[in-house]
Amino acid sequence: MDMDLNNDLEKRISDAFCVFDHHGEKFIDVREVGTVLRLLGCVPTEEEVNEVISATESEETSGEVHLTKFLPHVSQLLMERKMEPAPPEKILQAFKILDPENKGYLTKESFGKLMMEEGEPFTQEEMDEMWPVAIDPISGHIPYEFYLNQLMVYL
């Protein structure tokens, strides 16, 4: 049974990798590694993306990753359940910590400041993509339980 799971996992990784293998030579540009990981359902930090690149980048051709190195490395990471998205309960708990008055929402200003300045900062482009889903068009606030439900649809 483990062998079938491993084969299915390897096929998923290979299929995701090959989406970005534009020449059919089993190589992708290192700049695509994060996108491939996200396509596989991972939520890596930039540091984790860089670690995967360091571990899998071709020694012969700098700036490229070959499937033969990527596949076993990423298979191991996925089997160890690395880079998985946080469970909804943990995300809700984090939102509640940011809402000490228990209003059920965050302001765009305070949430935007946190997202762009704390932890692994979002870019303005990422914020612009997030706002239409996060912000209630009537109040202009982020009702975080509703927003969390919207996020779960995409995960």
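Residues numbered from 1 in each chain as written. Predicted model: local features only at pLDDT ≥ 70, side-chain atom pairs only at ≥ 80, totals over all residues. Heavy atoms only, no water.

Visitor: What am I meant to see in the packing of aromatic side chains here?
Guide: Summed over the entire model, instances satisfying the criterion amount to 5 aromatic pairs. Here the aromatic rings of phenylalanine 95 and tyrosine 147 are separated by 6.2 Å at their centres, their planes lie at 75°, and the arrangement is edge-to-face. Remark: tyrosine 147 occurs in helix 8 (residues 144-154) and phenylalanine 95 occurs in helix 5 (residues 88-97); sequence separation between them is 52 residues. Ring pairs connect the aromatic residues Phe95, Phe111, Trp131, Tyr144 and Tyr147, which therefore count as one cluster. (Phe/Tyr/Trp six-rings, centres within 6.5 Å; stacked < 30°, edge-to-face > 60°. Helix = DSSP H or I, 4+ residues; strand = E, 2+ residues; numbered from the N terminus.)

Visitor: Even after reading the chapter, I still don't get the pattern of salt bridges, so can you show me in this structure?
Guide: Between side chains of opposite charge, pairing is possible as soon as their charged atoms come close. This structure, assessed with the given rule, holds 7 salt bridges. Put simply, aspartate 15 and lysine 11 hold a salt bridge, and the shortest N to O gap is 3.0 Å. Taken together, the residues aspartate 15 and lysine 11, both in helix 1 (residues 2-19) and 4 residues apart, mark about one turn of the helix. The shortest N-O distance in the salt bridge between glutamate 46 and arginine 38 comes to 3.4 Å. For glutamate 46, a relative accessible area of 43% puts it in the partly exposed group. Taking the relative accessible area as the measure of exposure, arginine 38 reaches 42% and is therefore partly exposed. (Salt bridge = Lys/Arg side-chain N within 4 Å of Asp/Glu carboxyl O. Buried < 20%, exposed > 50% of the residue type's maximum accessible area, 1.4 Å probe, protein only.)

Visitor: Would you explain the layout of surface pockets in this entry?
Guide: Any space left empty among the atoms is revealed by the rolling of a water-sized probe across them. Considered as a void within the structure, the largest pocket measures approximately 1700 Å³ in volume. In this structure, the largest pocket is lined by 32 residues; those nearest its centre are Val43, Met115, Phe122, Tyr147 and Leu151. Split into classes, the residues belonging to the lining of the largest pocket amount to 21 nonpolar, 3 polar and 8 charged. (1 Å grid on protein atoms, 1.4 Å probe; cavity = no way out; pocket = protein on both sides within 12 Å on 5 of 7 lines; lining within 4 Å. Points joined across faces, edges and corners; volume = space filled by probe spheres on them. Nonpolar A, V, L, I, M, F, W, Y, C, P; charged D, E, K, R; others polar.)

Visitor: Help me understand unusual backbone geometry in this model?
Guide: Peptide bonds are, in most cases, trans, and in most cases residues other than glycine have a negative phi. One non-glycine residue with positive phi stands out, namely lysine 26, at about 65°. The topology assignment puts lysine 26 in the loop between helix 1 and strand 1 (27-29). For lysine 26, a relative accessible area of 37% puts it in the partly exposed group. Located in the positive-phi region is methionine 83, a residue other than glycine, with phi close to 60°.

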